[in-house]
Amino acid sequence: MTIDLTETSTSAIASALQQARRRLGGPASGMVLTLVIVTDETAQYDAVRAANEAAREHPCRVLVVITRRPAAGSRLDAEIQLGETSPGETLLLRMYGPLGQHADSVVAPLLLPDTPVVTWWPGNPPAVPADDPIGILAQRRITDAAAVDEPRQCLATLATAYQPGDTDMSWTRATPWRTLLAATLDQPHGTIDSAIVRAEQGNPSADLIAVWLASRLRIPVESEVSGGPGITEVSFFTSDGEITVSRPDGRVAELRRPGQPERRVALHRRDTPELLAEELRRLDPDEIYGESLIRLGPV
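Residues numbered from 1 in each chain as written. Predicted model: local features only at pLDDT ≥ 70, side-chain atom pairs only at ≥ 80, totals over all residues. Heavy atoms only, no water.

(A) Structural context of unusual backbone geometry. A cis amide bond, omega 0°, links glycine 228 with the succeeding residue proline 229. By the element assignment, proline 229 lies in the loop between strand S10 (221-225) and strand S11 (231-238). Phi is positive for glutamate 7, close to 45°, though the residue is something other than glycine. Among the secondary structure elements, glutamate 7 is positioned in the loop between strand S1 (2-5) and helix H1 (10-24). Note on glutamate 7: relative accessible area 65%, which makes it exposed. One non-glycine residue, aspartate 114, lies in the positive phi region at around 60°. Looking at where aspartate 114 falls in the secondary structure, it is placed in the loop between helix H3 (103-107) and strand S6 (117-120). (Helix = DSSP H or I, 4+ residues; strand = E, 2+ residues; numbered from the N terminus. Buried < 20%, exposed > 50% of the residue type's maximum accessible area, 1.4 Å probe, protein only.)

(B) Quick look at the environment of methionine 31. Among the structural elements, methionine 31 can be located in the loop between H1 and strand S2 (33-39). Separated by 234 residues in the primary sequence, methionine 31 and valine 265 have C-alpha atoms spaced 36 Å apart. Not counting residues within four places of it along the chain, the set of residues in contact with methionine 31 comprises Pro59, Cys60, Arg61, Gly88, Glu89, Leu112 and Thr115. (Contact = heavy atoms within 4.5 Å.)

(C) Layout of the side chain of aspartate 166. Its location among the elements puts aspartate 166 in strand S8 (residues 166-168). Within the local environment of aspartate 166, its side chain forms a polar contact with the side chain of arginine 141, the two groups lying 2.6 Å apart. Discounting chain neighbours no more than four positions away, the residues touching aspartate 166 are Pro129, Ala130, Arg140, Arg141, Ala161 and Tyr289. (Polar contact = N/O pair within 3.5 Å; in protein donor to acceptor, adjacent residues only side chain to side chain.)

(D) Representation of the packing of aromatic side chains. Here the structure, examined in full by the defined rule, presents two aromatic pairs. A centroid spacing of 5.9 Å and a plane angle of 55° characterise the contact between tryptophan 171 and tyrosine 289, whose relative ring orientation is tilted. Of this pair, tryptophan 171 sits in helix H5 (residues 169-173) while tyrosine 289 sits in helix H9 (residues 287-296), placing them 118 residues apart in sequence. In this pair, the class of tryptophan 171 matches that of tyrosine 289, namely buried. Put simply, the rings of Tyr162, Trp171 and Tyr289 touch in pairs and so form one group of aromatic residues. One cation-aromatic arrangement involves arginine 75 over tyrosine 96; the distance from NZ or CZ to the ring centre is 4.3 Å. Over the face of the ring belonging to tryptophan 171 we find arginine 178, whose NZ or CZ atom lies 3.9 Å from the ring centre. (Phe/Tyr/Trp six-rings, centres within 6.5 Å; stacked < 30°, edge-to-face > 60°. Lys NZ or Arg CZ within 6 Å of the ring centre and 35° of its normal.)

(E) Looking closely at the nonpolar core. Core analysis: the biggest nonpolar cluster contains 38 residues, and Leu181, Val197, Leu213 and Phe236 have the highest contact counts within it. For this core, the secondary structure elements donating two or more residues are helix H4 (151-160), helix H6 (175-186), strand S9 (192-199), helix H7 (204-217), S11, strand S12 (241-246), strand S13 (252-256) and H9. Top contributing element to this core by residue count: H7, with seven residues. Sequence-distant contacts of leucine 181, defined by excluding residues within four places in its chain, comprise Ile209, Trp212, Leu213, Val234, Phe236 and Val245. Counting residues in each nonpolar core, the second largest holds 25 residues, with Ile13, Ala78, Val107 and Ala138 among its members. (Core = buried A, V, L, I, M, F, W, Y, C linked by side-chain atoms within 4.5 Å.)

(F) Summary view of the packing of helix H2 (residues 44-55) against helix H8 (residues 272-281). Remark: H2 packs on H8, axes separated minimally by 8 Å, with the N-to-C direction vectors making an angle of 55°. With respect to their mutual orientation, H2 and H8 come out oblique. Considering how the two elements wind past one another, H2 and H8 form a crossing that is right-handed. Residues Arg49, Ala50, Ala51, Glu53 and Ala54 of H2 lie in contact with H8, whose contacting residues are Thr272, Pro273, Leu276, Ala277 and Leu280. Grouping the amino acids of the contact of H2 with H8 by side-chain chemistry returns seven nonpolar, one polar and two charged. (Axes fitted to C-alpha atoms, helices over the stretch in contact; angles between N-to-C directions. Parallel < 35°, antiparallel > 145°, perpendicular 65-115°, else oblique. Left-handed = near helix turned anticlockwise from the far one by under 90°. Nonpolar A, V, L, I, M, F, W, Y, C, P; charged D, E, K, R; others polar.)

Next comes the structure, spelled out in structure tokens:
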């Protein structure tokens, strides 16, 4: 079911939601959080699609904040989607004119009561997510440095502003790599002297993995540019020889260690719905991400 409201208000939106739920046979139930997406008109389709797929695992109310025509008069248009084609509830809130500068006043009355709030910026994030008017409403704040023109500079800016509850999808993309590397080093090995992370130019996940390895293993870790896609190789130089995990095709990794046969391990590059679903599983602060981000330091 889709409901379009033009020149509306938050009270009219809430009333329309309540009436729609009654027509569908009952009150809202089973929704575990509110996901607020701050985006623009060109990116909203992909963001909503990702949120709806993630909502199959985490039923939620999705509030999409879209600011348009800042020089126009204040106006609020809403598009409500709920029913079989949309898990939970999705509200596209298009704000015109000065109202876009006060989006939190529109979002706050529409949050689900007594449930966590997550804010996601699929594109350019605010300089200080925790101080952003929409970010203040949330327990978790998700950014994506890989979506901006200067990912490394973006991470450096986020590092100076980090607050518990902040996270970035560059770190989420690194989860399978971190899991595989940790499992690899759980096996007996010689003393590790240094390591190299190879990835395509400007890959922020590689930057975070490099500082994570350096801090955990207390070794120097270098970064090298490869042809991609994404992270292509991590090598450890040990007293017994070189341990290498390489993934040249973005799908399957090859694990090589001294004195053992080569192993192949599934390590595919995940899409945005999978990344978002992972982030929505964890609503407490990610301390390891925070430590790694701060260690990354300035550009």
